Structures are given as C-alpha cells and as structure tokens.
2 protein chains.
Amino acid sequence: MSDNRDLRIDRQRLMDSLETLGQLGRKADGSCCRLALTDEDKLGRDLVVSWMKHLGLEVKVDRVGNILGLLPGSETLPPVMTGSHIDTVATGGKLDGCYGVLAGLEALRTVKEAGIVTRHPLAVAVFTNEEGARFQPDMLGSLVYVGGLGVEETLAAPISGGSTIGEALARIGYAGSEEPGSIVPAAFIEAHIEQGPILTSGVGRIGAVKDLQGISWQEVTIQGAANHAGTTPMNLRRDAAWGAAQVICFVHDLALELGGSQVGTVGSVKLDPGLINVIPREAVLTVDLRNPLESRLQEAEQRLAGFLETLAVETGLETSLRPLSRTEPVVFDDHIIDVIRQSAELMGQPYLIMTSGAGQDAQMLARICPSAMIFVPSIGGISHSPLEATNPDDLELGANVLLQAMLKLAE
Amino acid sequence: MSDNRDLRIDRQRLMDSLETLGQLGRKADGSCCRLALTDEDKLGRDLVVSWMKHLGLEVKVDRVGNILGLLPGSETLPPVMTGSHIDTVATGGKLDGCYGVLAGLEALRTVKEAGIVTRHPLAVAVFTNEEGARFQPDMLGSLVYVGGLGVEETLAAPISGGSTIGEALARIGYAGSEEPGSIVPAAFIEAHIEQGPILTSGVGRIGAVKDLQGISWQEVTIQGAANHAGTTPMNLRRDAAWGAAQVICFVHDLALELGGSQVGTVGSVKLDPGLINVIPREAVLTVDLRNPLESRLQEAEQRLAGFLETLAVETGLETSLRPLSRTEPVVFDDHIIDVIRQSAELMGQPYLIMTSGAGQDAQMLARICPSAMIFVPSIGGISHSPLEATNPDDLELGANVLLQAMLKLAE
C-alpha cells in the first residue's frame, strides 16, 4: 500500500456531492428535511444509488432498505466498509450522516479512478432511519443489520399515519431482497461531523473516536395538586412545577459532580394544566444521561432514582420514572483507532483521541466487526440545524483520512 | 331593622336555583361551560332575568350587558347592591359567581315576600365576563361599570373568531341601552365561594373579606443556546431549561421569605425546541405574584427583576421580563366589613376577617362605593373544576349573612 500514500480525494467532487444531496428536501430556512422513508428520503436514496451505479459499484438493497455499494477486491474476502445514513431530522443540516456516506463514496471513486484494486473489497453503506425522527428506534437499519432487531418485527412495526415500515419501504421502492447482515465486514469506519464543540475549539482537526457514550433516556412524572395561584398559601401547595425545577437542578448538579464525560439534560418539560394562575397538577420531563463508562452511567441513574424518592418523601409530591431508551457505552476497536491515527499523522494534521456523545451507526456495526469513527469539526458545535457547517478544508481532510485508513485496512 | 333580625332566606329555593342555573352548559364531566357571550351564557342570563322579572324587580341592561335587578326602597336613594357574575371558565363549577348572584336574588326574594320595604332600594347585579376565559380583560363588565374602561372601546374590541364584543352582545340580545355606572350604589357586597383552602380548614364558616391581593403577572424569557445533549460538555452549555428551573426555585423561595400573604406561582413553562436530546434554546415562563400590600408586591417584583439580572451575569443566559397584567391591592370599606361581621355574629357563627387571593367584581365596585365581600368555604379549596363544592349549610349561612348585612345597610 505504500504506493498509495499520496492518493487524495477530489475535494470539489466531494463538495458538489454534498451540495447536490443537500438540495433534496431543502426548506425555506435552509434546513434539510428528509425524514426516513418519505418521498424526500426516496429522492436522496435514488441520487446516491445512481452515483454508486455510475461508479460501477455492485448495489445491494436489503429487506429493511439498507443500501450497500461494493467495489470488488483482488481476493474473495469480507469488505472493508464505510458509510452512515442520509435520512435527516425535520430541521437537519446537509452534513449529518450524508458526509459519512459521501466521503465514503468519494474514497471509493478515488480508488476506482486510480485503477487500484485492494485485496479486500471496499463497501459504502447507507443505513435506514438512523435519526429516528419519524419513527423509533433510531439507528434502526444498522441495528437490524447486526441482528439486534428481527426483520419481520421491524417490517410490521407501525409508522404514525397508518402504514408499517414494510409498507413504507415498498412504497418508495426500497424493500430489497438481501438478508440484512449477510455481508459481515472485515472492518467498519464511519466518518461523521462531531456535532459537538470539542474539535472546533482548536484541539485537533480530526477526531479518532475511541468510544461512544452510553445513553439513558428516562421520563420523570411529578404529580402534585392543581390549585388556585392566588388563594392557596405556599405551605398548602403541592406544586408539580416546583418539583420539576428540583429535578432539573439535580440533573445539572449531578453531571457536574460526577465529572468526566458525564452529561445530563432535561430537554422537555410539560406542565398540566399550564395556566398562569393555576398551580400545576403534573409535570412530565425527560432526562438524558450519558457516560462512556457503563458503571458511571448506572451510578447516575441510581442517583436520580434516589433523588426522586427523597423528593417525594420530603415534599408530598408523587414521583415516578419510566425508561424510554437505554444503550450501553461502546468501546471501539484499538487497531482501527490506530489506523485512523496513523492516517491523520500521514496527512500531517493534529488529531484527538475522543469520545462520541451522540449515537451513531458505527456503534451497531461494532457488535459484529472491528469498528471506529472519524470525526471532523462542527463549526460552533451545531448540528440538527440549518446552521450546521464544517470548514471545506476539514471535510476534505476527513475524507482523505478515511481513504488512507480504508486502503490500509484493505491491504 | 331590629324587627327583621329573624328573617332568613329559603334554603331549598336557593339550592334549587343554583342547581337549575348549573345545569345550563353542563358537560359530561359535570363541569359548567358558559363562556361569556356564548349561547350558553345567553341561556343563563335569560334564566336569571326571568327570575328577576317573576319577583317583580325592575330589570335594566346596560350597554356592555351588565344586568341590574332593582327592588324599590321607601326613599329615592342609591341602592344597596349585591351581585357577581354567571359566566364560567371552560371547566367551571356551578358556584363561582353564580352563588353571589343567586344568594343576592334569594335575599331580595326574602325581603319582598316578607313585605319589607327598606329605606334604600336593593339591587342585584350580573356583571359581564368576569372570568376573562374567552376574551380579555377579566372583570370586564364591572371595570366598565366603574369607568375603568370606555364603553365604545369595549364594544369595538375583537373576540377570537371574528366578531367584536358589541356584536356578540347584540347576537345574544344583551346589548342594552343603560349607560354603565349610571346607578352608583350606596354600598356593594359580593358573596362568593372562597376558592381557597383557608375557611375549609376549620377556622371559620364565614369570611369577612377585608382586602384583595394585588396581582402581578409577568412573562420571563430565558435565552440560551440549543445544542446536542450528548456532545456538549456541561461547562460549554447555555441551558435555558436550567435557567427556568432557577427562576421557579427563586419565585418559590421568595414567597416563603417574604411571608405573610405573599404567594408566587410559575404555572406555565414552554421550552424550545423541547426535545429529549437537545439542550433548550429558550424557556418562556409565567410568574404570578400576589400580595395584599402594594409595597410588598413591588418588593417582590423588584427582587425577581434583580434575580434575573444576576442570573444573566452569572450564567451567560439572556433574561427578560415582560409585564402581562397588574392590579393593585384593594382595601375594602371598614364599615361594610363591620356590618358583615355583625351579621355573622347575629347568626352565631365563627367568622374570619380575611384576604381574597382571587380577583373579584367587588374590587372594581370598591372604586365608586363602599364595598366588601362575604366568603363561604370551598371544600378542598377547589374551584374552576367540576369538583367545586360548598356544604349547603354554608351556602345557606352565607346568604343569610348577606341578607342581614343588606338589611342593615339599607336601613
């Protein structure tokens, strides 16, 4: 492979691909809306498949709509795979997911055009419904790919609006025939925007992602008593909003106290009845806790549960906790991380060994093959927004690091 | 008047009247929905007017729909007036407002049937749109009656749905010809359910209401920055929900610290975008502060404003405050309070000199004539609910205290 160390992707072609895909489902505010299995998602899929076919890749679509584009190697071996997703949230940017797919496609284009045939085949994947914005769970396609969820169960699951996932796949022409996961990669690398502010603060232009936070989503319900805001003395109140405020402060303080990579967020609070002159009867809030260490994440969950019990005893409010979603932390493969690190060094650029705070398809692939991720900086740490952006130099650099890492792994 | 000290209202007739009026606009959950100037409000008005006419009262309807029923006195003097409202919130009970009107009507029935002619005329009033549930402001009819809002301005004001207040009054047949406030009462007493838990805790069966809390409604906006809940370290966050929690805790602690009758409520909190995995960009919350002392209410408002400034400096969140509504405390007339007290003593029942936490029509009438209120206990302190209830013994007692107080004032 030493011959190919000077190989570089075509920056303009990468930027053009991102821009072309990003125009599909674009809204007036500049955001992209290609919710999974909608007409807009179909437009995006059709475009990427047309590019794959134009490049001469063998395109396979599996039963849950995951798309694989394969470039043969010199030997009959499992492929070195890259990829991500092209579905978006309702107000997405043009990079989240798409960058991983199109940087991968650009890497394969570069290899093919250079006339290089690697020992392992190369592959680029587009996984179905990573965002989970239209229907749950998120990371659906990659979850099914690695056997974490049954195909039949997935196809029969309802989508709000009356159809099932199976019907929605058939409607847009992506109910494929391949069995998900029938091709087990030799290795998987996903390139992605960081979606956070760490790289953008100047500590590195490339992230070699060593692990991924475990994510605990829970719903907290606080039951008090609705009463007149004017006529009910403070000492006779059972104020659900005040209980909710205690929980928000606790989650914030807990994350600071546990330190490290622990984060805690209350993103949604709903008060009932929610009127200016009525003491709230009920508060329902979401708690998002994340830590790359399972033991620490469990500690955070236990501390929250304990706090809610104490709050109930001390205030007369009723508190309850309902799990919504839970993923354990993922530790990526040391060898793949090392290959990414070497590629960044080859490019002469500063890199950071780091943790992903967001869930990604790579965490699913890590269950069946050695996996890791490459991060490029997100300007301002912003994603899921029309303001989502990355410096073109960084997009180019990330794709070159991916290219070199894939060449190395496919040797 | 000493001859009439044994005069008592007809308990069954009062209960029947409350039940008959309460059936109009009744919903499946048992609540009453007679929003101001709707068809249901018209039904209620027609019923009460028919009772007034049946009793032989002179019925006058003014230009904003306030209804007066007058029983002549032996001299041409200003009337001793009672009354309240019969409009309800969307999920009202059958007592709020209606009790004041029907206890007043029952008092006049009792006087008339006993063949008593008082020196002053007696009057019972039904004021338009006390609740403000369908259109603002609340206490509209009594506000116009005392000259606090112009008639033309009121009639031209829009109601959501396309019409104006004037059109809505004409539609239901209550665009009267009297000039609001042309009859200035000699005194005004409003009977009302307490809508709070003080009397029901056993300290008295009758409240002689000496004052009414000033009410300050403000909207607080906290601006932070939306960011990914997983990838944004705690120290780089500007979390609007956390800011909102600080405000909720401050309002609660402030009310406890100021003590006395000070109350503080955050009844509504809206987070944007309000998603489980996004740090909220913005929180908009309402703050309801009440105190019967204007100086203390101003202190509470100033302390809140100061807290928001400090919060902004210390956290990097932007905070702002918008006034929504402000009424000064009302101090009722010492003589009227004393007459109510004497009536309760005459009935041999424990009474409490107390403060009203809610806004009432009597606070408007207090601007033009000596006024006060009689409270009866609300079971559980509940109102604006199908569960709103008062013991029939207390309803009877309150009407008798009202009857005796009006006889005394009309001497």
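Calculation notes
- Residues numbered from 1 in each chain as written.
- Chains lettered and ligands numbered in written order.
- Predicted model: local features only at pLDDT ≥ 70, side-chain atom pairs only at ≥ 80, totals over all residues.
- Helix = DSSP H or I, 4+ residues; strand = E, 2+ residues; numbered from the N terminus.
- Rg over C-alpha atoms; globule rule 2.2 N^0.38 Å.
- Buried ≥ 20, exposed ≤ 12 C-beta atoms within 10 Å, placed from the backbone.
- Contact = placed C-beta atoms within 7 Å.
- Core = buried A, V, L, I, M, F, W, Y, C linked by C-beta atoms within 7 Å.
- Least-squares fit on C-alpha atoms with pLDDT ≥ 70 in both.
- Expected span 1.5 Å × (residues − 1).
- Axes fitted to C-alpha atoms, helices over the stretch in contact; angles between N-to-C directions.
- Parallel < 35°, antiparallel > 145°, perpendicular 65-115°, else oblique.
- Nonpolar A, V, L, I, M, F, W, Y, C, P; charged D, E, K, R; others polar.
- Domains from an automatic or database assignment.
- Left-handed = near helix turned anticlockwise from the far one by under 90°.
- pLDDT = per-residue confidence, 0-100.
- Pairing = 2+ DSSP bridges.

Requested: an account of the overall build of chain A, with residues and values cited.
Across its full length, chain A carries 11 helices and 16 strands. The C-alpha radius of gyration of chain A comes to 23 Å, within 12% of the 22 Å expected for a compact globule of 411 residues. In terms of overall dimensions, chain A has a C-alpha envelope of 80 × 45 × 40 Å along the principal axes. By the burial criterion, 57% of the 411 residues in chain A qualify as buried. Residue pairs at least 24 apart in sequence account for 77% of intrachain contacts in chain A once pairs closer than 6 positions are excluded.

Please set out the nonpolar core residue by residue, giving values where relevant.
By size, the foremost hydrophobic cluster in this structure holds 89 residues, and its most contacted members are I189(A), I340(A), I374(A), L402(A) and M406(A). With 10 residues, the top contributor of residues to this core is helix α11 (residues 392-409) of chain A. When near neighbours in sequence (up to four residues on either side) are disregarded, M406(A) contacts V80(A), T82(A), A107(A), L122(A) and I189(A). A123(B), I189(B), L199(B) and A366(B) belong to the second largest nonpolar core, which has 88 residues in total.

Could you give me a rundown of the relation of the copies chain A and chain B, with the residues and numbers involved?
For the pair chain A and chain B, the relating rotation is 180°, the translation along its axis is 0.3 Å, and the fit reaches an RMSD of 0.3 Å. Taken together, the rotation and translation relating the two chain copies correspond to the operation of a two-fold axis. Residues of chain A ranked by C-alpha distance from the rotation axis are headed by A245(A), positioned 2.1 Å from it. Most of the interface of chain A is mirrored in chain B, where 98% of its interface residues are also at the interface.

Give a description of helix α11 (residues 392-409) of chain B that names residues and reports values.
Relative to the 26 Å expected for 18 residues at 1.5 Å per residue, α11(B) spans 26 Å between its end C-alpha atoms, a close match to the ideal helical length. For α11(B), the buried fraction is high: 16 of the 18 residues fall into the buried class.

Hey, could you go over the packing of helix α1 (residues 11-22) of chain B against α11(B) for me, with residue numbers and the actual values?
Residues and elements named next belong to chain B. The N-to-C vectors of α1 and α11 enclose an angle of 110°; their axes lie 10 Å apart at closest approach. If you check the angle between α1 and α11, you find them roughly perpendicular. Together, R11, L14 and M15 of α1 and P392, L395, E396 and A399 of α11 make up the contact between the two elements. Broken down by class, the residue content of the contact of α1 with α11 amounts to 5 nonpolar, no polar and 2 charged.

Let's hear about unusual backbone geometry: which residues, and what values?
The amide bond that connects Q136(A) to the next residue, P137(A), takes the cis arrangement and shows omega of -5°. With respect to the element layout, P137(A) can be found in the loop between β4 (122-126) and α4 (140-145). Cis peptide bonds are those with omega within 30 degrees of zero, and the linkage from D272(A) to P273(A) qualifies with 5°. Residue placement: P273(A) occurs in the loop between β10 (269-272) and β11 (278-279). A positive phi angle is found at Q195(A), which is not glycine, with a value near 65°. Here the phi dihedral of M139(B) falls at roughly 55°; this positive angle occurs in a residue that is not glycine. Along the chain, the position of M139(B) falls in the loop between β4 (122-126) and α4 (140-145).

An account of the domain arrangement of chain A is requested, with residue identities and associated values reported.
A common way to express how large an interface is: the accessible area buried when the components associate. Residues and elements named next belong to chain A. Here chain A is described as being made up of domain 1 (2-212 + 329-409) and domain 2 (214-327). Here domain 1 and domain 2 have C-alpha centroids that lie 36 Å from each other. Taken together, the 5 residues of domain 1 in the interface contact 11 residues of domain 2. Broken down by class, the residue content of the side of domain 1 that touches domain 2 amounts to 1 nonpolar, 3 polar and 1 charged.

Account for the interface of chain A and chain B, naming residues and giving values.
Taken together, the contact between chain A and chain B spans 46 residues of the former and 45 residues of the latter. Elements represented by at least two residues in the side of chain A that touches chain B include exactly β7 (214-223), β8 (227-228), α7 (240-258), β9 (263-265), β10, β11 and β12 (282-291) of chain A. Counting residues per element, the side of chain A that touches chain B draws most heavily on α7(A), at 8 residues. Grouping the amino acids of the side of chain A that touches chain B by side-chain chemistry returns 24 nonpolar, 19 polar and 3 charged.

Which residues make up the packing of helix α1 (residues 11-22) of chain A against helix α3 (residues 98-113) of chain A, and what values do they have?
Residue and element names in this part refer to chain A. Relative to each other, α1 and α3 sit at 140°, their axes nearing to 10 Å. Classified by the angle their axes make, α1 and α3 are oblique. Note that α1 runs across α3; the crossing there is right-handed. Contact residues: α1 offers R13, L14, S17, L18, L21 and G22, while α3 offers C98, Y99, L102, A103, L105 and E106. Split into classes, the residues belonging to the contact of α1 with α3 amount to 8 nonpolar, 2 polar and 2 charged.

Tell me what's going on with α3(A), and back it up with residues and numbers.
Residue and element names in this part refer to chain A. With 16 residues, α3 extends 22 Å from end C-alpha to end C-alpha; this agrees with the ideal 22 Å at 1.5 Å per step. The element α3 is largely enclosed, with a buried count of 14 among its 16 residues. G115 sits one or two residues past α3 and shows a positive phi near 75°.

Requested: an account of the confidence of the model for chain A, with residues and values cited.
Per-residue pLDDT for chain A has a mean of 95; in total, 100% of the residues score no lower than 70. Interface predicted TM-score (ipTM) for the complex: 0.80; the corresponding pTM is 0.80.

For the environment of G173(B), give the residues involved together with the corresponding values.
Turning to its location among the elements, G173(B) is positioned in the loop between α6 (165-172) and β5 (187-193). Residue classification places G173(B) among the partly exposed positions, given that 13 C-beta atoms sit within 10 Å.

Provide a residue-level description of the environment of W51(B), including the pertinent values.
Here W51(B) is to be found in helix α2 (residues 39-54). Note: C-alpha distance between W51(B) and S17(B) (34 residues apart in sequence) is 9.3 Å.

Describe the pairing of strand β6 (residues 206-212) of chain B, naming the residues involved and giving the relevant values.
Residue and element names in this part refer to chain B. Counting buried positions along β6 yields 7 of 7 residues, so the element is predominantly enclosed. Two strands pair when backbone bridges link them, and β6 and strand β15 (residues 351-356) are joined in this way by 6 bridges, in the parallel orientation. Paired with V209 across the strands is M354, a residue of β15. As defined by bridge partners, β6 adjoins strand β16 (residues 371-376) across 3 bridges and the pair is classed as antiparallel. Residue pairing across strands places A208 opposite I374, the latter belonging to β16. The pairing of β6 with strand β14 (residues 330-331) spans 2 bridges and is antiparallel. By the bridge assignment for β14, L212 is matched with V330.

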